[in-house]
Protein chains: 2
Amino acid sequence: MKVQGGRFMQDMIRVAVDAMGGDNAPGEIVKGAVEAVATRNDIKVLLVGQQDVVAEELGKYDYPKEQIEIVHAEEVIETAEPPVMAIRKKKDSSIVVAMNMVKHKEADALVSAGSSGAILVGGQVIVGRIKGIERPPLAPLIPTEKGVSLLVDCGANVDARASHLVQFAKMGSIYMEHVVGVKNPRVAIVNIGAEEEKGNALVKETFPLLKACTDINFVGSIEAREIPHGEADVIVCEAFTGNVILKLYEGLSSTLVGAIKQGMMSSLKSKIGAALALPALKKTLKAFDASAYGGAPLLGLNGLVVKTHGSAKAKEVKNSIIQCVTFKEQDINEKIKKNIVEETVEE
Amino acid sequence: MKVQGGRFMQDMIRVAVDAMGGDNAPGEIVKGAVEAVATRNDIKVLLVGQQDVVAEELGKYDYPKEQIEIVHAEEVIETAEPPVMAIRKKKDSSIVVAMNMVKHKEADALVSAGSSGAILVGGQVIVGRIKGIERPPLAPLIPTEKGVSLLVDCGANVDARASHLVQFAKMGSIYMEHVVGVKNPRVAIVNIGAEEEKGNALVKETFPLLKACTDINFVGSIEAREIPHGEADVIVCEAFTGNVILKLYEGLSSTLVGAIKQGMMSSLKSKIGAALALPALKKTLKAFDASAYGGAPLLGLNGLVVKTHGSAKAKEVKNSIIQCVTFKEQDINEKIKKNIVEETVEE
């Protein structure tokens, strides 16, 4: 019997992976699964999707057979489909089948690069919230000068209440400390000024509540300008704002990098310069590549659901799977229950 | 008597300039004023500030005496002062004196690099709104791949109503067409998805109202990712969101550029490359430099108030002054009254 770190095979962490979701499915998804199980032998990947298609991809690789299994699902939810309807109608889709596996404890976690809407809806409707958690936020890691910060919430449920944001702050803090490994993470709320009296109605209501939390390291407001400088580890905001920050990050980075590359191609001299500087440039841009950090967890569910980019390649899929292992090993959901839910009940 | 374009000297456009506001005052402000009057002879700049200090700066330059005048103001409002209090107490500050000149039609416009809060408050309280305009938005130009877009609102009044956003769209459209010169500007509302049914409560309420406007070229929702790609000319959003977009733009650009420069200094090879590519790189980054476009107008006031960056140098001050001339020449406020206010009254 294989052992690792004192853990027996029956203690393997089972990660359901949506083999059909995303722009590069199933090729890159299957490849990512193979790469993930190669890193450690206590992961079991359950590739959920069309049996023959997934088997064909998987056939291209050598891998420990006991660590990857295919679970058949006939249907696929397309990105453009209205999510609530898709989740309700396509019972045999890879996302719904995988969600049900998490619900019924046949899998510890789910990774999908498929429709964000379907993942967010399915997470809440099928997997379900931890009792006491009001709203499960989507919490991607975003690159900064100093490393990464957790941006919570970037989900689809907008117009949050102050009590939601307080739970986001606490869950984000637990995740950042125990999954990403940042000790005593600095928690800040997105605001339009550094002063406590600034902000919209939601921020003004939330600020004193966060200030009163003794179990997080609340450092106050953060202006959007300071986010890329890494001035906080957990960036708390309402989902509309989070979505704007996340997408502007993507859009502006690609625009600037594109403009710089194009600018360097403008003369022979600068072309030679670009060629010489390219390796260093690539290294810099890699530090700003969020894919190295895996996907975005949907926090506060009975199980773990991780959303990776629709454009995810094998590396990101692999890292998302490994992220699930850390999440499970660190018993994040138990910590959420103990630190947030029980405390809320006491209050 | 000097003439230009058939205009007599008494038709000069009078721009009050806050000589004491901003990180580089009064040096760069005075320099910007001198450069502005050098470009055309129908501008009269009224430099508002401490007589002796401003006169000393002005003494360094040769300039047409009839085009620059100093207006004494004893006090200065500091950036850190609470704006409402500062405006109320410091009656003899450069901002308040200049605002009163606009109010009493002794100046057509005001340019200040001083405290944003004081400018926003003073604009509303002293200069006052055009009758029928519910809320005057601050509308900076932001750089994109294709040129610039107008981001409206980035002001200090958050939690806007749908009717505010509709006026922002219309005023922004008039400004973009007649001051920046974009024909039939595309107007979009910031949203978290392209579909009409997406969004928070405010966006959902505003979307059909914008769609029903026959006097603007409304192209629907814009995701933050598309803003740097220049997918719309007028970007409409509530001020909290606008502030986040504007500041993230600044923070992310400086972070990325800094990281790229630093990355290029990492080896001798890349250093040589950087040296060769530097002129092209600088040219690219210049295209992303918002200062070329002047300052941000506060739209919908009885007169024009332009806020330039606190860090503005002479070039930005000059461009802000020239922007005031275009604003006045194009009779923007008359267009706002005719197209927005009268229409509102009719409804």
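Residues numbered from 1 in each chain as written. Chains lettered and ligands numbered in written order. Predicted model: local features only at pLDDT ≥ 70, side-chain atom pairs only at ≥ 80, totals over all residues. Heavy atoms only, no water.

How would you sum up the sheet that holds strand S2 (residues 43–49) of chain A? Please name residues and give values.
Residues and elements named next belong to chain A. Taken in spatial order, the six strands of this open sheet run S3-S2-S1-S4-S11-S10, and their pairing is mixed. The open sheet has two edge strands, strand S3 (68–72) and strand S10 (296–298), and neither has a second partner. When strand polarity is set aside, the average angle formed by the axes of neighbouring strands in this sheet is 25 degrees. Against the sheet, helix H2 (residues 51–58) touches S2 and S3, its axis set at about 160 degrees to S3. Those strands touched by helix H10 (residues 314–329) are strand S1 (13–18), S2, strand S4 (109–112), S10 and strand S11 (304–307), and its axis lies near 145 degrees from that of S1. (Pairing = 2+ DSSP bridges. Helix = DSSP H or I, 4+ residues; strand = E, 2+ residues; numbered from the N terminus. Axes fitted to C-alpha atoms, helices over the stretch in contact; angles between N-to-C directions. Contact = heavy atoms within 4.5 Å.)

Report on the interface of chain B and chain A, specifying residues and quantitative values.
In this assembly, 49 residues from chain B lie in contact with 49 residues from chain A. Carbon and sulfur atoms supply 76% of the area that chain B and chain A bury against each other, a total of about 4,500 Å² over both sides. Ranking the residues of chain B by area buried against chain A places Ile192, Phe240 and Leu248 of chain B at the top, with a combined share of 15%. Applying the counting rule to chain B against chain A returns four salt bridges. For Lys247 of chain A, the salt bridge goes to Glu223 of chain B, with nearest N and O atoms at 2.3 Å. Counting every contact that joins chain B to chain A gives 12 residue pairs in polar contact (both at pLDDT 80 or more). Residues belonging to the side of chain B that touches chain A are distributed by class as follows: 27 nonpolar, 15 polar and seven charged. (Buried area = accessible area lost by both parts, 1.4 Å probe. Salt bridge = Lys/Arg side-chain N within 4 Å of Asp/Glu carboxyl O. Polar contact = N/O pair within 3.5 Å; in protein donor to acceptor, adjacent residues only side chain to side chain. Nonpolar A, V, L, I, M, F, W, Y, C, P; charged D, E, K, R; others polar.)

Residue-level account of the sheet that holds strand S3 (residues 68–72) of chain B, with values.
All names here are of chain B. The strand order S3-S2-S1-S4-S11-S10 describes an open sheet built from six strands, whose pairing is mixed. Each of the sheet's edge strands pairs with one partner strand only, and the pair in question is S3 and strand S10 (296–298). Here the average twist between neighbouring strands, direction ignored, is 25 degrees. Where strand S4 (residues 109–112) and strand S11 (residues 304–307) come together, four bridges link them in parallel fashion. Each residue of the ladder has a partner; that of Val111, found in S11, is Val306. Each of strand S2 (43–49) and S3 touches helix H2 (residues 51–58); the most contacted strand, S3, lies at about 160 degrees to it.

Tell me about a negative patch on the surface, and please be specific about residues and values.
Side chains of Asp52, Glu56, Glu74 and Asp92 of chain A sit close together on the surface and give a patch of like negative charge. By the element assignment, Glu56 of chain A lies in helix H2. (Patch = residues over 30% accessible without salt bridge, like charges linked within 9 Å, V, L, I, M, F, W, Y side chains within 5 Å. Areas by Shrake-Rupley, 256 points an atom, 1.4 Å probe, with all protein chains shown as cover. Lys, Arg positive; Asp, Glu negative; His and termini not counted. Charge placed at Lys NZ, Arg CZ, Asp CG, Glu CD.)

Tell me about the relation of the copies chain B and chain A, residues and numbers included.
Mapping chain B onto chain A calls for a rotation angle of 180 degrees and an axial translation of 0.0 Å; the resulting RMSD is 0.1 Å. Between the two chains, the operation in question is that of a two-fold axis. Looking at the rotation axis and the C-alpha trace of chain B, the residue lying nearest is Gly273 of chain B, at 1.8 Å. Both copies share a contact surface, since 100% of the interface residues of chain B are interface residues in chain A too. (Least-squares fit on C-alpha atoms with pLDDT ≥ 70 in both.)

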